[in-house]
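Here are the chains, one letter per residue:
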Amino acid sequence: MMRKVIAILMTISLILVVGCQSQEHNESSPTTKSSAPVIGLSFDSFVIERWTRDRDVFVSTASELGADVNVQSAGGDTDTQIQQIKYFIEIEVDAIVIITADAFKLADVLHEAKGKGIPVICYDRIVMNGDADLYISFNNETVGKEMAQAICKNVPDGGTIIEIMGPETDYNVAQVMKGFDSVCQEHNMNITLKYNCDNWKPELAYDFVNEHFDEISKADAIMCGNDALAGEAIHALAERGYAGKIFVTGQDGDLEACQRLVEGTQLVTVYKPVEKLASLAAECAVKLAQGKELGDTDLFFDGSQDVPYIAIKPSGVTRENLDEVIIDSGFHLRDEVYMKRAS
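Cut-offs applied
Residues numbered from 1 in each chain as written. Predicted model: local features only at pLDDT ≥ 70, side-chain atom pairs only at ≥ 80, totals over all residues. Heavy atoms only, no water. Buried < 20%, exposed > 50% of the residue type's maximum accessible area, 1.4 Å probe, protein only. Helix = DSSP H or I, 4+ residues; strand = E, 2+ residues; numbered from the N terminus. Right-handed = clockwise from strand over helix to strand, strands pointing away. Salt bridge = Lys/Arg side-chain N within 4 Å of Asp/Glu carboxyl O. Pairing = 2+ DSSP bridges. Axes fitted to C-alpha atoms, helices over the stretch in contact; angles between N-to-C directions.

## Some remarks on the pairing of strand β3 (residues 95–98)
(1) Moving on: Every second residue of β3 is oriented toward a common face, with Ala 95 and Val 97 on one face and Ile 96 and Ile 98 on the other, all of them buried.
(2) Moving on: Regarding the hand of the β-α-β motif, the stretch spanning β3, helix α5 (residues 107–115) and strand β4 (residues 120–123) is right-handed.

Laid out in structure tokens, this is it:
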């Protein structure tokens, strides 16, 4: 009981302080209740559109299951995220869920949490060598394959592709590229330029296209690591009259990406049912916080050992199946998706 009281007082104090510094935290960090397990949820940042949806579904599901969630965002800074996780350890939360800012630098703090008896879940992104109690994500190799298959369906074998990816510190990037490159190799595609956007900053994709436009203008397709990068790459192409002339891929099913599918400026986005992922992750976090078993899972090698793994299958979305996958599922509203076409 004393542990919970201390956690309550410190969590309330943090929320008051952070609320003055960041509206983002103030909106998503509820005060804790003495009768409820407390889950610390640490986001890399909210730069990527989908993260706010993940957050809201996770918090809502955990609340329905009787748990409170303390949400933090590191603003893309690894050192900040480490300090936030240390704070969770200090106030003795019952479980920690991490969307890591760096796949390789958080292992020590994860071990510290586990040493204190606090279970840890890696959400969407693995922490290598972290010995997490659960890694829950989408099948990232399938994401890459879906992008490549859409390109290879529209580009003859031997075509030219540019790759604009996320940061190498995100291990999902390596997994996506493994799937993407495996399909491209089957079709003898030529990858002529590769670029990693630090911290998933979309503006870097815009700059890269402008800086290498002479070569990019001759390419058949641009593989973009997510929809935000795709949007800025297409922005740069549009300014030069090339939007729709070069196939562009993305992932996440962002609203603007779906609108670009309708316009014909983006070839494919890979839809990932984040509500399913977030709600399942919340259920698992509450189980671990209560000392319960997760049940059967797959295994994922984190660089040093196998950790429990749950993977959810993504779906490639093009103009042809947009209504079926995106609208019929309720992920986005029809009026919003077709807004640009109507205008």
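## Observations concerning the pattern of salt bridges
(1) Moving on: Counting across every chain of the model gives 11 salt bridges.
(2) Moving on: Arg 55 is the salt-bridge partner of Asp 56, the closest N and O atoms lying 3.0 Å from each other.
(3) Moving on: Its salt-bridge partner being Asp 170, residue Arg 125 comes within 3.1 Å of it at the nearest N-O pair. Residue Arg 125 is located in the loop between β4 and β5 (134–138), and its partner Asp 170 is located in the loop between β6 (160–165) and α7 (171–186); the two are separated by 45 residues in the primary sequence. Like Asp 170, Arg 125 is buried.
(4) Moving on: One connected set of salt bridges, linked through shared partners, spans Asp 44, Arg 125 and Asp 170.

## Describing unusual backbone geometry
Backbone geometry follows two general trends: most residues other than glycine have a negative phi, and most peptide bonds adopt the trans configuration.
(1) Moving on: With a phi close to 60°, Asn 129 is a non-glycine residue in the positive phi region.
(2) Moving on: Relative to the helices and strands, Asn 129 is located in the loop between β4 and β5.
(3) Moving on: Residue Asn 129 is classed as partly exposed on the basis of its relative accessible area of 33%.
(4) Moving on: Phi is positive for Trp 200, which is not a glycine, with a value near 60°.

## Here's the deal with the sheet that holds β6
In sheet architecture, strand pairing relies on hydrogen bonds along the backbone and comes in two forms, parallel and antiparallel.
(1) Moving on: What the 6 strands build is an open sheet, ordered β7-β6-β8-β9-β10-β13; its pairing is mixed. Both outer strands of the open sheet, β7 (190–196) and β13 (315–317), are each paired with one neighbouring strand and no more. Direction aside, neighbouring strands of the sheet carry axes that sit 20° apart on average.
(2) Moving on: Of the strand pairs in this sheet, β6 and strand β8 (residues 221–224) are connected by 4 bridges, and their pairing is parallel.

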